[in-house]
Every structure is written in structure tokens, then in C-alpha cells.
Amino acid sequence: MLKNSSSHYGLVSVVLHWLVALTVFGLFGVGFWMVDLSYYSEWYRTAPYWHKSVGILLAIAMLLRLLWRFLSPPPTALASHKSWEKRTSAVVQFCLYLGIFMLVLSGYLISTEDGRPIAVFTWFEVPALGALFANQADIAGLVHEYVAYSLIALAVLHGLAALKHHFIDKDNTLKRMFGRKP
Amino acid sequence: MKKLLLAASMAAMMAVPAAQAADYVIDTQGAHAFVQFKISHLGYSWLYGRFNTFSGDFSYDADKLEASKIQLTIDTNSVDSNHAERDKHLRSGDFLNVSKHPKATFVSTKIVPKAGDTFDLHGNLTLNGVTKEVVIAAEKLGEGTDPWGGYRAGFAGTTTLTLKDFAINTDLGPASATVQLDLTVEGIRK
């Protein structure tokens with residue numbers, strides 16, 4: 001039920017997958033919107049605070065996901081999947097993981113250059129390492145921006161591929177991601 | 001007799017070597033010079049910041065103050081308000097636009113001596129690509145030999161800039177339309 005089997009996703013993987021998907025798009029939307037807020041917007045302080053808090057929680061969820069992959073490996077691809085589909089999806093999924101971790105890291109580097117920790121709501125703080133290289137906040141800011149756009153593009157591709165399996169190939173790829181047994 | 005006295009005193013004056021205009025380099029090496037600013041935060045308090053990297057020199061003649069000159073070049077990328085995210089924002093196109101305008105400069109054009117050690121320092125300030133004449137209310141703080149065999153002279157000055165004048169259009173609120181620039185320079189005679 002909780003664990004993955006060779007043919008289906010367990011509840012842990014399903015919940016983590018959709019939680020991360022929702023969070024990534026939510027963070028992207030908030031990030032895209034908050035960078036242009038005016039100084040007198042009531043969200044000027046709240047939005048970045050939430051963005052950072054949720055970003056750190058996302059990092060924790062992603063670490064759990066990675067750990068879970070080793071504890072309970074995902075099911076094998078459907079037999080109907082072509083080999084180029086398997087290869088492509090593996091590369092895209094690897095890049096999605098990589099992109100999220102790069103976003104977390106670059107976001108962390110923007111906020112902590114001056115040695116201030118990152119508050120995760122009022123629950124705890126992630127300590128800062130200070131300035132690790134010159135122009136850290138600016139360089140990390142650019143990386144954060146470009147990786148965010150790239151990640152969203154990849155995630156859309158990933159979603160379109162799932163829809164292609166569902167509507168065109170009419171296989172169980174998407175249903176499996178909701179925990180459906182084959 | 002009178003004429004003789006006059007001639008003698010004139011001769012005496014000529015004989016005294018006139019205090020010479022001397023060139024000074026601003027002591028950024030030892031960080032005895034500061035380019036700081038303060039701007040109102042919401043009208044409730046002051047926010048202080050500074051530029052960490054700049055260079056400049058001046059020529060100064062105590063007897064002919066109006067012939068003195070100063071030029072200063074500021075690396076706008078070095079803006080420091082003790083907050084990484086705010087500094088990133090200050091460097092961006094919303095404020096200093098440092099990728100496009102990495103340098104701000106001040107070149108004096110005229111000095112008008114005032115009472116005591118104070119004077120008005122007129123000059124062209126180029127900031128965010130906009131050049132405008134500004135007047136810095138300045139004061140000589142002191143001069144003399146230093147303990148290490150050099151000779152130093154120090155000045156402080158302040159001026160108020162309107163952000164919009166320098167094409168900085170981000171609205172920080174009515175109390176924050178202007179920023180006060182404070183300069184303290186200590187020069188070492190070349």
C-alpha cells in the first residue's frame with residue numbers, strides 16, 4: 001500500500017510526486033509575481049517569506065523522495081513503452097530532480113550571502129554560510145531565474161508526455177501515477 | 001617712510017613662499033574615506049548604506065581654496081546596505097542599474113568659500129548615467145603631518161539628491177524621494 005511494487009506506485013511516492021508538482025508550480029507562480037511587487041504592496045514582505053519557507057520544505061520533501069527511491073524503487077516502465085520513450089523520460093526526470101535541487105541551492109545562496117539565516121515560517125531557521133563567492137546574490141539570482149524557467153518548461157513537457165500516454169497511447173502511465181494498480 | 005614700509009612689507013610677502021597647491025590621493029587604501037548615504041525608511045527611520053569601492057584625488061591650496069579641485073569615481077557595484085537581498089535590488093535596474101552604469105563620478109567645477117572652514121563644492125555628479133550639477137556643503141576638518149611621515153588633509157561634505165533627477169524612478173514613498181549623500185575624504189599628499 002505505502003511501498004512501490006514492480007508494477008505500481010505506492011501511496012508515499014504518489015503523494016510526494018503530486019505534492020512536489022503542486023509546490024513547484026505554486027512556487028514558480030509566486031516567484032514570478034513577487035519579484036515585481038511594489039514596495040508598498042502588502043505582499044512585499046510576506047510573499048518572499050512564504051516562497052523561501054515553502055522552498056526549504058520542498059527541499060526536505062525532495063530529500064525524502066530521493067531516500068524513498070532507494071528504500072522502495074519505482075515500478076518498471078510499462079512493457080508498451082518504446083525504448084526512446086524510456087530513455088527520454090529517464091533524462092527528463094533526472095533533469096527535473098536536478099533542477100529542483102539547483103533552485104533550492106541558488107535560492108539559498110541569494111538569501112544567505114549576508115549571513116542571515118532563512119526562516120521557515122516560525123518553525124525553524126536554516127543557518128547561513130555567508131558569502132561563498134563574489135557577486136553571490138546576483139549570480140545565484142540569475143541561475144535561479146533561468147533554472148526556474150527551464151524546470152517549468154521541462155515539467156510541462158513531462159506532463160504533456162503523460163497526457164500523450166493517456167489519450168493517444170491509451171496506456172496506464174498516468175493512471176499509475178495516481179496509485180492505480182494495473 | 002610710509003612708502004618704504006609698504007615696499008618692505010611687500011618684499012617680505014614676496015619672500016615668504018606662497019603655500020603651494022598640493023595634490024592629494026584619497027586614502028582608500030587605508031579606508032580613511034567614506035561614501036555613505038542615508039534615506040528615510042517609510043518616513044519612520046533612516047536606512048544607511050555606503051559604497052565600499054571608490055577612488056579619487058584632489059588638489060588643495062589652503063590659501064586659494066577656490067582653486068582646489070576634486071574628482072571621485074565610485075564603483076556602484078560595491079553598494080552595501082548590510083543586506084544581500086536589498087543590495088541585489090539596489091544594483092538592479094530598479095535603482096542603480098550597475099550592469100549598465102558601473103561607475104558614478106563626481107568632478108568638481110567650482111568652489112565657493114564660506115564662513116570659517118566651510119565651503120560650497122560645486123560639481124557634476126554622474127549617477128545611473130545621468131549627469132547633474134550638485135552642490136556639496138563641505139567643511140575642512142583638518143590637515144597636518146601624520147605619525148608615519150606623510151601629510152594629510154581631510155574634508156567632509158553632504159548633499160541631498162532627488163532620486164528622480166537621476167532616473168531612479170522606483171517609488172519608495174513620499175518620505176524617501178531624496179537620499180542624503182555623505183562624503184568624508186582624507187587625502188595623503190602625493
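Scroll up a little and you will see the structure.
These lines cover the structure that appears in this document, whether it is placed above or below. (Residues numbered from 1 in each chain as written. Chains lettered and ligands numbered in written order. Predicted model: local features only at pLDDT ≥ 70, side-chain atom pairs only at ≥ 80, totals over all residues. Heavy atoms only, no water.)

1. Some thoughts on helix 2 (residues 46–71) of chain A
Residue and element names in this part refer to chain A. The condition that has to hold: Helix and strand labels come from DSSP, where a helix needs a run of H or I of at least four residues and a strand needs a run of E of at least two; each type is numbered from the N terminus. Expected span of a helix, by definition, is 1.5 Å for each gap between consecutive residues, and there is one gap fewer than residues. Only protein chains enter the accessibility calculation, which uses a 1.4 Å probe; a residue whose area is less than 20% of its type maximum is buried, one above 50% is exposed, and one in between is partly exposed. Throughout, a residue-residue contact means that at least one pair of heavy atoms, one from each residue, lies within 4.5 Å.
The terminal C-alpha atoms of helix 2, which comprises 26 residues, lie 37 Å apart, in line with the 38 Å expected from a rise of 1.5 Å per residue. Here helix 2 has its buried residues at A47, H51, S53, G55, I56, L58, A59, A61, M62, R65 and W68. Of the surrounding secondary structure, the elements contacted by the buried residues of helix 2 are helix 1 (11–34), helix 3 (83–112), strand 1 (118–120), strand 2 (124–126) and helix 4 (136–168).

2. Notes on the pattern of salt bridges
Heads up, the rule is: By definition, a salt bridge exists where a carboxyl oxygen of Asp or Glu is found within 4 Å of a side-chain nitrogen of Lys or Arg.
Summed over the entire model, instances satisfying the criterion amount to 13 salt bridges over all chains. Its salt-bridge partner being B:E85, residue A:K52 comes within 3.1 Å of it at the nearest N-O pair. Of this pair, A:K52 sits in helix 2 while B:E85 sits in helix 2 (residues 84–91), each in a different chain. Across the pair B:D120 and B:K114 runs a salt bridge whose closest N-O atoms are separated by 3.2 Å. Linked through salt bridges whose partners overlap, the residues forming this network are A:K82, A:E85, A:K164 and A:D169.

3. Here's the deal with the pairing of strand 5 (residues 69–75) of chain B
Side-chain direction in a regular strand flips from residue to residue, so the side chains alternate between the two faces of the sheet. All names here are of chain B. Stated precisely, the cut-off is as follows: If DSSP finds at least two bridges between two strands, the strands pair.
Only one face of strand 5 is covered, namely the one carrying I70, L72 and I74; the face carrying K69, Q71, T73 and D75 has none of its residues buried. Where strand 4 (residues 54–60) meets strand 5, six bridges bridge the pair, whose relative direction is antiparallel. Of the residues in strand 5, the one forming a bridge with F58 is I70. Across five bridges, strand 5 lies against strand 7 (residues 103–113) in antiparallel orientation.

4. Quick look at the side chain of A:R65
All names here are of chain A. Threshold: We score Asp and Glu as negative and Lys and Arg as positive, and we do not count His or the chain ends. Pairs of N or O atoms within 3.5 Å make up the polar contacts considered here, provided that, within protein, one atom can donate a hydrogen while the other can accept it, and that residues adjacent in sequence are counted only when both atoms are side-chain atoms.
Topologically, R65 is positioned in helix 2. The charged side chain of R65 is buried without a salt bridge, its nearest counter-charge being D171 at 17 Å. Side-chain polar atoms of R65 contact the side chain of Y97, separated by 3.4 Å. For R65, the residues in contact, after removing those within four places along its chain, are L16, H17, V20 and Y97.

5. Structural notes on a nonpolar patch on the surface
All names here are of chain A. To keep it simple, the criterion reads: To count toward a patch, a residue needs a relative accessible area above 30% and no salt bridge. Like charges then connect within 9 Å, nonpolar side chains (Val, Leu, Ile, Met, Phe, Trp, Tyr) within 5 Å. Only the protein chains shown count as cover for residues, and the accessible areas themselves come from Shrake-Rupley with a 1.4 Å probe.
On the surface, a nonpolar cluster with roughly 740 Å² of combined accessible area is contributed by F94, L98, M102, L129, L132, F133, I139 and V143. Those elements that place two or more of their residues in the nonpolar patch are helix 3 and helix 4. Examining the composition of the nonpolar patch, we find that three residues originate from one element, helix 3, more than from any other. Take L132: it is sitting in the loop between strand 2 and helix 4. On the basis of relative accessible area, L132 is assigned to the partly exposed category, the value being 49%.

6. Some details on the packing of aromatic side chains
The geometry of two aromatic rings is summed up by the distance between their centres and the angle between their planes. This is how it is decided: Geometry of aromatic contacts follows a simple scheme: Phe, Tyr and Trp rings, the Trp one being its six-membered ring, pair when their centres are within 6.5 Å, and the pair is stacked under 30 degrees between planes, edge-to-face over 60, tilted otherwise. Charge-over-ring contacts are defined here by two conditions on Lys NZ or Arg CZ: a distance within 6 Å of the ring centre and an angle within 35 degrees of the ring normal.
A complete count under the given rule lists 15 aromatic pairs over all chains for this structure. With a centroid separation of 5.1 Å and 45° between ring planes, the pair formed by A:F121 and A:W123 is classed as tilted. We classify A:W123 as exposed; its relative accessible area is 58%. Between the aromatic rings of B:Y24 and B:F58, the centroid separation amounts to 4.9 Å while the plane-to-plane angle is 15°, which identifies the pairing as stacked. Of the two residues, B:Y24 sits in strand 1 (residues 22–26) while B:F58 sits in strand 4, which places them 34 residues apart along the sequence. Through successive ring pairs, a cluster of aromatic residues spans B:Y24, B:F58, B:Y60, B:F119 and B:F155. Between B:R189 and the ring centre of B:Y151, over which it is positioned, the NZ or CZ distance is 4.0 Å.

7. Examining helix 4 of chain A
Taking 1.5 Å per residue, 33 residues should reach 48 Å; helix 4 of chain A reaches 46 Å between its end C-alpha atoms and fits that length. Contacts made by the buried residues of helix 4 of chain A are with helix 1, helix 2, helix 3 and helix 5 (173–176) of chain A together with helix 2 of chain B. In the segment just after helix 4 of chain A, A:K170 is the residue with positive phi, at about 50°.

8. A look at the side chain of A:H81
Residue and element names in this part refer to chain A. Note that H81 resides in the loop between helix 2 and helix 3. Here the side chain of H81 touches T173 through a polar contact of 2.7 Å, side chain to side chain. With residues up to four places along the chain from it excluded, the contact list for H81 reads K86, H165, D171 and T173.

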